[in-house]
Amino acid sequence: MTAQNSGRAQNSWRARTRLVHGGTERSRFDETCEAIFQTSGYVYQSADECEAAFANDGSRYVYSRFRNPTVAMFEDRIAAYEGAARAFATASGMAAVNAALMCQLKAGDHIVAPHALFGSCLYIVKDLAPKYGIRTTLVDGTDLEQWRAALSQPTTVVFLESPSNPCLEVVDLRAIAELAHAAGARVVVDNVFATPVLQRPLQLGADVVVYSATKHIDGQGRCLGGVVLCDNAFAELLHPYLRHTGPALAPFNAWLLLKGLETLELRVAAQVASAAAVAGFLEGHPAVAKTIYPGLESHPQHALAQTQMSGGGPLVCFEIKGGKPAAFRAMNALELILISNNLGDSKSLICHPGTSTHQRLTDAERARVGIGPATVRLSVGLEDADDLIADLDQALARSVG
Ligand SMILES: *Cc1c(COP(=O)(O)O)cnc(C)c1O
């Protein structure tokens with residue numbers, strides 16, 4: 001006997017009806033459970049309750065495109081961790097970026113963003129936004145003068161990544177937030193590469209934080225997901241946009257992400273320790289032309305990174321001597337590290353951005369953000385760091401043609 005069906009003539013139902021209605025528990029749940037509410041809709045005890053649910057928006061689950069208990073548990077947990085008033089989960093990181101930007105923009109508005117952005121983020125600000133009459137100015141994210149010049153005109157949104165993908169440029173979040181606010185703009189930070197563990201943009205002056213939860217939040221290569229973190233005022237813009245355009249996160253994926261959060265700090269701490277060891281190994285290696293890691297003193301924004309991140313991060317970028325052929329020989333010689341454009345997995349993943357994630361850029365655009373023909377990006381996983389170093393060592397020995 002279920003709550004919704006009590007009081008009805010359940011005992012007289014025929015077998016086929018019981019097959020459809022038996023044992024359902026759609027709308028009631030114990031707040032301490034972490035059940036997967038794999039349901040699209042919700043049911044009501046009465047038409048009056050349904051009317052009240054729609055009149056009192058937000059207090060009751062009415063449809064999973066708007067809200068779902070499992071998704072809400074994930075949202076509440078990440079908001080609590082990050083210290084944000086609100087969190088809104090989405091089906092992917094790009095859905096989170098798109099919603100966080102588009103919900104606040106209109107024709108005539110101005111976006112300022114660095115050149116060094118994840119490929120799909122660059123598409124939104126550089127190609128998509130102008131189709132709707134929104135102007136975009138791209139700057140060198142590490143050059144305060146360029147930010148200052150771009151923000152000398154009224155601006156609606158500053159969107160940035162720090163560290164950037166793939167060359168780990170570090171943007172001065174406090175300084176940019178100050179300049180942006182003076183220009184009347186909100187600051188939206190894509191915090192994927194820093195993870196929620198190592199950097200808290202909301203505490204550094206940002207207004208909105210977005211994640212591809214696909215990366216370190218899930219952390220185990222299992223599902224896509226995204227999340228936007230913001231205050232109550234921004235939620236007034238974002239919530240209707242999400243509700244009516246529908247990039248909702250699936251309950252099962254929300255449950256994976258909810259459980260992923262429980263081990264996030266432990267995983268990221270282990271990955272940062274291994275990444276630092278790997279970066280130290282690569283920096284002195286004769287087959288490596290250049291190692292880029294915010295935790296290394298040789299990183300151009302090392303001092304800045306130390307003031308806004310509590311670690312060097314779980315990603316390392318490096319350049320192999322001998323151009324693209326040498327980079328491909330090294331990648332193909334790896335025995336443990338896997339070739340993938342993904343990142344943030346428990347398994348270490350390597351990619352060649354120039355021919356994968358940033359393939360659509362022109363040579364000049366790639367050169368501007370530091371992606372050369374021999375640049376590779378390593379997402380450090382949870383393996384023993386000594387095994388990763390041994391694998392890189394034997395592969396680099398075979399990079400020489
Ligand atoms: C992966 C990634 C995204 C997009 O996330 P998806 O979950 O793949 O949609 C956005 N920004 C950065 C920095 C990323 O690494």
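Please refer to the structure placed before this passage.
Cut-off values and rules
Residues numbered from 1 in each chain as written. Predicted model: local features only at pLDDT ≥ 70, side-chain atom pairs only at ≥ 80, totals over all residues. Heavy atoms only, no water. Salt bridge = Lys/Arg side-chain N within 4 Å of Asp/Glu carboxyl O. Helix = DSSP H or I, 4+ residues; strand = E, 2+ residues; numbered from the N terminus. Buried < 20%, exposed > 50% of the residue type's maximum accessible area, 1.4 Å probe, protein only. Near = heavy atom within 4 Å. Polar contact = N/O pair within 3.5 Å; in protein donor to acceptor, adjacent residues only side chain to side chain. Areas by Shrake-Rupley, 256 points an atom, 1.4 Å probe, with all protein chains shown as cover. Nonpolar A, V, L, I, M, F, W, Y, C, P; charged D, E, K, R; others polar.

*Asks:* Tell me about the pattern of salt bridges, and please be specific about residues and values.
*Replies:* For the coordinates displayed, the defined rule picks out 12 salt bridges. The partner of E365 in a salt bridge is K126, and the shortest N-O contact between them spans 3.5 Å. Highlighted residues: E365 in helix α14 (residues 363–368) and K126 in helix α5 (residues 119–131), separated in sequence by 239 residues. The class of K126 is partly exposed, set by a relative accessible area of 32%. Residues joined in a network through salt bridges with shared partners are E34, R77, K259 and E262.

*Asks:* Help me get a handle on the environment of Q203, residues and values and all.
*Replies:* Within the secondary structure, Q203 is located in the loop between α8 (195–198) and β6 (208–212). Residue Q203 is classed as exposed on the basis of its relative accessible area, which comes to 61%. In the structure, Q203 is positioned 38 residues away from Y241 in sequence and 25 Å away in space, judged by C-alpha atoms.

*Asks:* So, the site of the ligand: which residues are in play, and what are the values?
*Replies:* Contacts to the ligand come from 14 residues, most closely from G93, D190, S212, T214 and K215. One of the backbone N or O atoms of G93 is found 2.8 Å from an oxygen atom in the ligand. S212 places a side-chain nitrogen or oxygen 2.7 Å from an oxygen atom of the ligand. Compared with its free state, where it exposes 380 Å², the ligand has 91% of that area covered by protein. Of the residues contributing to the shell around the ligand, the split by class is six nonpolar, five polar and three charged.

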